[in-house]
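A closer look at the structure
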Amino acid sequence: MSVAYFNGDYLPLEEVRISPLDRGFLFGDAVYEVIPSYAGEFFLLGPHLERLERSLAAIRLPSPLSRGEWAERLVELLRRNAAGPGHDLGIYLQVTRGVAPRDHAFPAEGAPTVFAMASPIRPLSDAVRSGGIAAITTPDHRWGRCDIKATTLLPNVLARQLASEADAMEAILLREGRVIEGAASNVFAQFGDTLVTPPLQDALLPGVTRALVLDLARECGLQVVERELDEAELRGADEIWLTSSTREILPVSRLDGEPVGAGVPGPGWRAVHAAYQIAKLEEVQRREEGTA
Ligand code: PDD
């Protein structure tokens with residue numbers, strides 16, 4: 001049974017009831033986070049909570065909980081979902097502007113709605129490890145503040161559906177010939193020893209995984225450059241990777257039906273993926289010892 005957190009209570013997911021007047025439902029007036037945990041311990045919880053606070057501030061919604069209170073509630077949610085060895089869970093956390101009569105402007109009063117649930121994180125399959133994944137490209141139809149992790153995801157949903165219909169796992173979004181990010185991931189392209197990813201800007205989400213992967217890639221000896229990346233360059237990359245908290249680092253071996261580089265996951269991905277697994281283990285160990 002999956003246990004959810006809802007406005008201060010822990011209860012079975014099926015028992016959560018959200019009002020139709022909730023502004024998250026009516027307007028998508030809400031922000032969210034997806035935070036991974038391994039063997040019952042959070043990975044990169046601090047950066048996720050920092051980003052949550054930035055998203056809340058950007059939509060002018062005061063955080064209903066302090067950093068410590070968020071952590072305490074989420075750790076308890078993991079515990080109640082019996083997370084443990086071999087049981088990796090992603091926590092989905094959403095904060096909406098709450099329930100109010102329908103009017104676009106902010107309500108004068110009312111409390112935010114806070115909802116969180118746990119879902120399994122599946123390890124990379126052998127097929128993906130050896131063969132990589134397929135991705136497509138599609139125009140980016142989103143708004144100008146994609147740095148806010150908002151729940152208004154209709155363009156992302158439509159892009160991901162296009163990918164699914166093309167038997168691909170992700171859609172890479174393009175704006176005026178530039179690579180922006182994936183529908184639910186950040187994008188990296190490797191050219192020889194150089195790893196390129198688009199710089200942080202309002203048009204894309206500052207991925208928590210992206211930040212770690214930049215550090216790990218440097219440690220693995222790659223030269224890391226944050227700069228604009230053209231569509232044509234992407235198509236000529238030796239390797240393409242997609243990063244997110246639930247899928248970690250995915251090697252793209254086919255883009256719009258064409259092979260990427262050698263058409264299989266490359267040595268850059270193998271090295272950084274291995275470094276990522278070590279970083280996970282080390283943080284889980286530090287948390288178990290209480291030193292994280
Ligand atoms: N999405 N860009 C977009 C548009 C995303 O939705 C995500 C993650 C990322 C990667 O961010 P991070 O490394 O912090 O997870 C980039 C989550 C996983 C989701 O919507 O389910």
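Before going into details, it helps to say that this report is about the structure given with it. Predicted model, so just to flag it, every value in this text is computed and none were measured.

Looking now at the pattern of salt bridges. Enumeration over the complete set of coordinates arrives at 22 salt bridges. A salt bridge links D147 to R145, with the shortest nitrogen-to-oxygen separation between them at 2.9 Å.

This next bit is on helix α3 (residues 67-80). Given a rise of 1.5 Å per residue, 14 residues ought to cover 20 Å, and the 20 Å separating the end C-alpha atoms of α3 matches this to within 8%. Just beyond α3, the residue with positive phi is A82, at close to 55 degrees.

Here E176, not a glycine, exhibits a phi torsion of approximately 50 degrees, which is positive. Mapped onto the fold, E176 is located in the loop between β8 (170-175) and β9 (178-182). Judged by its relative accessible area of 84%, E176 falls in the exposed class. A positive phi angle is found at E248, which is not glycine, with a value near 55 degrees. Its place among the elements puts E248 in strand β14 (residues 248-255).

On to the packing of aromatic side chains, then. Under the criterion given, the structure shown has 5 aromatic pairs. Ring centres 6.0 Å apart and planes at 70 degrees place the aromatic pair Y38 and F43 in the edge-to-face group. A residue is classified by how much of its surface remains accessible, and Y38, at 5% relative accessible area, is buried. R97 extends its terminal NZ or CZ atom over the ring of F106, reaching a point 3.6 Å from the ring centre.

Before going further, it helps to spend a moment on the site of the ligand. Taken together, 20 residues surround the ligand, and among them Y32, R51, E181, T209 and S245 come closest. Taking R51, its side chain carries an N or O atom lying 2.8 Å from an oxygen atom of the ligand. Here a nitrogen atom of the ligand sits 3.2 Å away from a polar atom, N or O, in the side chain of K149. If the ligand stood free it would expose 480 Å²; the protein chains cover 89% of that surface. Counting only elements with at least two residues in the shell around the ligand, the list comes to β3 (30-38), β9, α6 (208-219) and β13 (239-244). In terms of residue class, the shell around the ligand is made up of 6 nonpolar, 10 polar and 4 charged. Per-domain counts for the shell around the ligand show at least three residues from each of domain 1 (3-120) and domain 2 (126-280).

Turning next to the environment of V128. Mapping V128 onto the fold places it in helix α4 (residues 126-131). Among the residues examined, V128 registers a relative accessible area of 8% and is labelled buried. Residues V128 and Y32 lie 96 residues apart in sequence; the distance between their C-alpha atoms is 28 Å. Not counting residues up to four positions away in its chain, the partners in contact with V128 are I133, M169, L250, P251 and P265.

This part covers the nonpolar core. Counting residues in hydrophobic clusters, the biggest one holds 41 residues, and the most contacted among them are I172, L234, I240, W241 and V272. Elements supplying a minimum of two residues to this core: β7 (133-139), β8, β10 (186-191), β11 (194-197), α6, β13, β14 and α8 (267-289). Viewed by domain, this core spans two of them, domain 1 (3-120) and domain 2 (126-280), each represented by three or more residues. Aside from chain neighbours lying at most four places away, what touches I172 is A135, I136, T137, T138, V179, E181, G182, V187, L234, I240, L242 and L255. If you look at the next biggest cluster of nonpolar residues, it comprises 27 residues, including I35, F42, L65 and V114.

Thresholds, definitions, all that
Residues numbered from 1 in each chain as written. Predicted model: local features only at pLDDT ≥ 70, side-chain atom pairs only at ≥ 80, totals over all residues. Heavy atoms only, no water. Salt bridge = Lys/Arg side-chain N within 4 Å of Asp/Glu carboxyl O. Helix = DSSP H or I, 4+ residues; strand = E, 2+ residues; numbered from the N terminus. Expected span 1.5 Å × (residues − 1). Buried < 20%, exposed > 50% of the residue type's maximum accessible area, 1.4 Å probe, protein only. Phe/Tyr/Trp six-rings, centres within 6.5 Å; stacked < 30°, edge-to-face > 60°. Lys NZ or Arg CZ within 6 Å of the ring centre and 35° of its normal. Near = heavy atom within 4 Å. Polar contact = N/O pair within 3.5 Å; in protein donor to acceptor, adjacent residues only side chain to side chain. Areas by Shrake-Rupley, 256 points an atom, 1.4 Å probe, with all protein chains shown as cover. Nonpolar A, V, L, I, M, F, W, Y, C, P; charged D, E, K, R; others polar. Domains from an automatic or database assignment. Contact = heavy atoms within 4.5 Å. Core = buried A, V, L, I, M, F, W, Y, C linked by side-chain atoms within 4.5 Å.

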